[in-house]
Amino acid sequence: MPKSKVRKKTAYTPPANKNTAVKVRAQGPSHPVYLAVMFGLMLLGLAWIVVNYLAGHRIDFLAELGNWNFAIGFALMITGLLMTMRWR
C-alpha cells in the first residue's frame, strides 16, 4: 500500500494587535446583613408555603389570597436564590 505524503504545518503566530489584560479590583466578602437577608428570604418563602398548606384555611388573609400564596412563597424563595449570584 502506498504511503501518503506528510503535510507540514506552519507554526502558529499570535495576532499582532493583542489586547493587554485589565486588572480588576478584588472585592471583599459580602456583608453579613446581605447573607442574613438572602437566607431570610429563602426561609420566609418556604415558611409561607408551609403555613399555607397547614393552616391556610384558618388564617383569613391567606384564605383570601388563594393560589396567590404559591406565587408569593416562590417569589420570596427565588429572590433569595437570585441574591446568591452576588454573594462573595
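Everything quoted here is computed from the prediction, not taken from an experiment.

Asker: Help me out: how do you make sense of the packing of helix α1 (residues 32-55) against helix α3 (residues 68-83) in this one?
Answerer: Two packed helices can be described by the angle between their axes and the distance between those axes. Where α1 contacts α3, the two axes come as close as 8 Å, and the packing angle between them is 160°. In this view, α1 runs roughly antiparallel relative to α3, as classed from their interaxial angle. The hand of the α1/α3 crossing is left-handed. Contacts between α1 and α3 involve Tyr34, Val37, Met38, Leu41, Met42, Leu44, Gly45, Leu46, Trp48, Ile49, Asn52 and Tyr53 on the former and, on the latter, Asn69, Phe70, Ile72, Gly73, Phe74, Leu76, Met77, Thr79, Gly80, Leu81 and Met83. For the contact of α1 with α3, the class distribution of residues is 17 nonpolar, 6 polar and no charged.

Asker: Help me out: how do you make sense of α3 in this one?
Answerer: For an α-helix, the turn length of 3.6 residues means that residues three or four places apart are oriented alike. Between its terminal C-alpha atoms α3 stretches 23 Å, which fits the 22 Å expected from 16 residues at 1.5 Å a residue. Taken together, the buried positions of α3 are Asn69, Gly73, Leu76, Met77, Gly80 and Met83. Buried residues along α3 cover an arc of 125° about the axis, so they all sit on one side. Tucked inside the fold, the buried residues of α3 contact α1 and α2 (60-65).

Asker: Sorry if this is basic, but what is going on with the side chain of Asn52 here?
Answerer: Along the chain, Asn52 falls in helix α1. For Asn52, the side chain forms a polar contact with the side chain of Asn69, separated by 3.2 Å. In contact with Asn52, other than residues within four places in its own chain, are Asn69 and Phe70.

Asker: Looking at this structure, how should I read the environment of Met38?
Answerer: For Met38, the location among the structural elements is in helix α1. When its relative accessible area of 0% is taken as the criterion, Met38 is described as buried. Separated by 45 residues in the primary sequence, Met38 and Met83 have C-alpha atoms spaced 6.1 Å apart. Setting aside residues no more than four positions away along its own chain, Met38 makes contact with Gly80, Met83, Thr84 and Trp87.

Rules used in this analysis
Residues numbered from 1 in each chain as written. Predicted model: local features only at pLDDT ≥ 70, side-chain atom pairs only at ≥ 80, totals over all residues. Heavy atoms only, no water. Axes fitted to C-alpha atoms, helices over the stretch in contact; angles between N-to-C directions. Helix = DSSP H or I, 4+ residues; strand = E, 2+ residues; numbered from the N terminus. Parallel < 35°, antiparallel > 145°, perpendicular 65-115°, else oblique. Left-handed = near helix turned anticlockwise from the far one by under 90°. Contact = heavy atoms within 4.5 Å. Nonpolar A, V, L, I, M, F, W, Y, C, P; charged D, E, K, R; others polar. Expected span 1.5 Å × (residues − 1). Buried < 20%, exposed > 50% of the residue type's maximum accessible area, 1.4 Å probe, protein only. Arc of directions from axis to C-beta. Polar contact = N/O pair within 3.5 Å; in protein donor to acceptor, adjacent residues only side chain to side chain.

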